[in-house]
Amino acid sequence: APFTDREWVVEGLAIRGYLYPLFVAGVYGLTGGVHPELAQPVQAIVFLPLTTLLIFAAGREAFSRRVGLTAAWLFALWFPAVWHTRLLYTETLLALLMALLLALLAAAIARGSPRFALSAGAVASLLAVSHPSYQLLWVVVGISLAIHFWLTGKQHLRLVGFYALGTLPVILSYVALT
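Per chain, residues are indexed from 1 in the order of the written sequence. Thresholds applied to this predicted model are a pLDDT of at least 70 for local features of residues and 80 or more for the giving and counting of side-chain atom pairs; totals over whole chains, interfaces and linings are not thresholded and use all residues. With hydrogens and water stripped out, all remaining heavy atoms of the structure feed into the side-chain values.

Q: Residues and numbers for the overall build of the chain, please.
A: A helix here means a DSSP run of H or I that spans at least four residues, while a strand means a run of E at least two residues long, and both kinds are numbered starting from the N terminus. A count of helices and strands for the chain gives 9 helices and 0 strands. Traced from its N-terminal end to its C-terminal end, the chain shows the element sequence α-α-α-α-α-α-α-α-α. For the exposure calls, accessible area comes from a 1.4 Å probe over protein chains only, and a residue counts as buried if that area is under 20% of its type's maximum, exposed if over 50%, partly exposed in between. Here the chain holds 178 residues, and the buried ones make up 40% of them. Only carbon and sulfur atoms are counted for the fraction: they give 72% of the accessible area of the chain, which is about 10100 Å². Only the protein chains shown count as cover for residues, with accessible areas throughout obtained via the Shrake-Rupley method and a probe of 1.4 Å.

Shown next, in the form of structure tokens:
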């Protein structure tokens, strides 16, 4: 059957990273067999609402409660997000991770929080190893943060260091495994 054999798993690891296959393997492990139809409800019931909530949090932190609500509603009503939960696509997990990254970056910038910057670095590096399109995202975000803080005032420039520190465990472990 498609999307259930070892070839799919190996191919997924080669071109998509290991995070989504780990999620699918976790569902299979919990259900005692290959049940792709059980991964879909998890994506729909857990990933989609959590992504919507994180989009709200990012909009609220960066701008206002109204912007957060508008962004969350626009995502919640976006049909492809719902459609992707019916399939074994990495897009549902990627959307969740991107929303988490945006929420953490918005909180780090708005609050000047090293903890949020460190967490944002870890999430950015997880995205880098989750999908080939995001391999250099952690670098681009780090450079963007540095430029932002340089132009707006150096008082939070130290957050770039915390962000970079957050990327190290995932990036270094991925390099060691390959």
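Q: I'd like to hear about the packing of helix α6 (residues 91-111) against helix α8 (residues 137-152), residue by residue, with values.
A: Here an angle of 0 to 180 degrees is reported between the N-to-C directions of two axes, which are lines fitted to C-alpha atoms, with helices fitted over the stretch in contact. In contact at an axis separation of 13 Å, α6 and α8 are set at 20 degrees when each is read in the N-to-C sense. Judged on the interaxial angle alone, α8 and α6 are roughly parallel. Note on packing geometry: the crossing formed by α6 with α8 is right-handed. Residues M98, L101, L105 and I109 of α6 form the contact with α8, whose own contacting residues are L137, V141, L145, H148 and F149. In this scheme, roughly parallel covers angles under 35 degrees and roughly antiparallel covers those over 145, while 65 to 115 is roughly perpendicular and the rest are oblique. Crossings are sorted by hand: turned counterclockwise from the far helix by less than a right angle, the near helix makes the crossing left-handed, and turned clockwise it makes it right-handed. Pairs of residues are marked as contacts when any of their non-hydrogen atoms sit within 4.5 Å.

Q: Now, about the packing of aromatic side chains: what can you tell me, with residues and values included?
A: Centres within 6.5 Å are what make two rings of Phe, Tyr or Trp a pair, Trp counting through its six-membered ring; a difference in plane orientation under 30 degrees is then read as stacked, over 60 as edge-to-face, and the rest as tilted. For the structure shown, the criterion picks out 3 aromatic pairs. Ring centres of Y20 and F23 lie 5.6 Å apart, and the angle between their planes is 50 degrees; on these two criteria the pair is classed as tilted. Placement of both Y20 and F23 in helix α2 (residues 19-31) is noted, with a separation of 3 residues, approximately one turn of the helix. On the basis of relative accessibility, which here comes to 15%, the residue F23 falls in the buried class. Plain terms: the ring middles of F23 and F47 are 4.9 Å apart, the flat faces sit at 45 degrees to each other, and that makes the pair tilted. In this pair, F23 sits in helix α2 while F47 sits in helix α3 (residues 36-62), placing the two residues 24 residues apart along the sequence. In this pair, the class of F23 matches that of F47, namely buried. By the ring-pair criterion, three or more aromatic residues cluster together here, those being Y20, F23 and F47.

Q: So what's going on with the pattern of salt bridges? Residues and values would help.
A: When a carboxyl oxygen of Asp or Glu lies within 4 Å of a side-chain nitrogen of Lys or Arg, that pair is called a salt bridge. Taken as a whole and judged by the stated rule, the model has 2 salt bridges. The shortest N-O distance in the salt bridge between R60 and E61 comes to 3.8 Å. Residue E61 is classed as buried on the basis of its relative accessible area of 16%. Where R111 meets E61, a salt bridge forms, and the shortest distance between an N and an O atom there is 2.5 Å. Taken as a pair, R111 in helix α6 and E61 in helix α3 lie far apart in primary sequence, 50 residues in all. Through salt bridges with shared partners, a single network forms among R60, E61 and R111.

Q: So what's going on with α2? Which residues, and what values?
A: The terminal C-alpha atoms of α2 lie 19 Å apart, and with 13 residues this matches the ideal 18 Å at 1.5 Å per residue to within 8%. By the burial criterion, the buried members of α2 are L19, Y20, P21, F23, V24, V27 and Y28. Phi turns positive one or two residues past the end of α2, at G32, with a value near 75 degrees. Expected helix span is given by 1.5 Å per residue-to-residue step, counting one fewer step than there are residues.

Q: Describe a nonpolar patch on the surface, with residues and values.
A: For patches, a residue must show more than 30% relative accessible area and have no salt bridge; joins then use 9 Å for like charges and 5 Å for nonpolar side chains, namely Val, Leu, Ile, Met, Phe, Trp and Tyr. On the surface, L136, V139, V140, I143, I147, W150 and L151 cluster together to form a nonpolar patch covering roughly 720 Å² of accessible area. Residue position: I143 is located in helix α8.

Q: Break down the nonpolar core for me, citing the residues and quoting the values.
A: The definition of a nonpolar core used throughout is a set of buried Ala, Val, Leu, Ile, Met, Phe, Trp, Tyr and Cys residues joined through side-chain atoms within 4.5 Å. Among the nonpolar cores identified, the biggest contains 40 residues, and F23, L93, L101, L127, L145 and Y163 are the most heavily contacted of them. Those elements that place two or more of their residues in this core are α2, α3, α6, α7 (114-130), α8 and α9 (158-177). A per-element tally of this core places α6 first, with 11 residues. If we skip the residues at most four places from it in the chain, L127 touches L94, L97, M98, L101, Y134 and L137.

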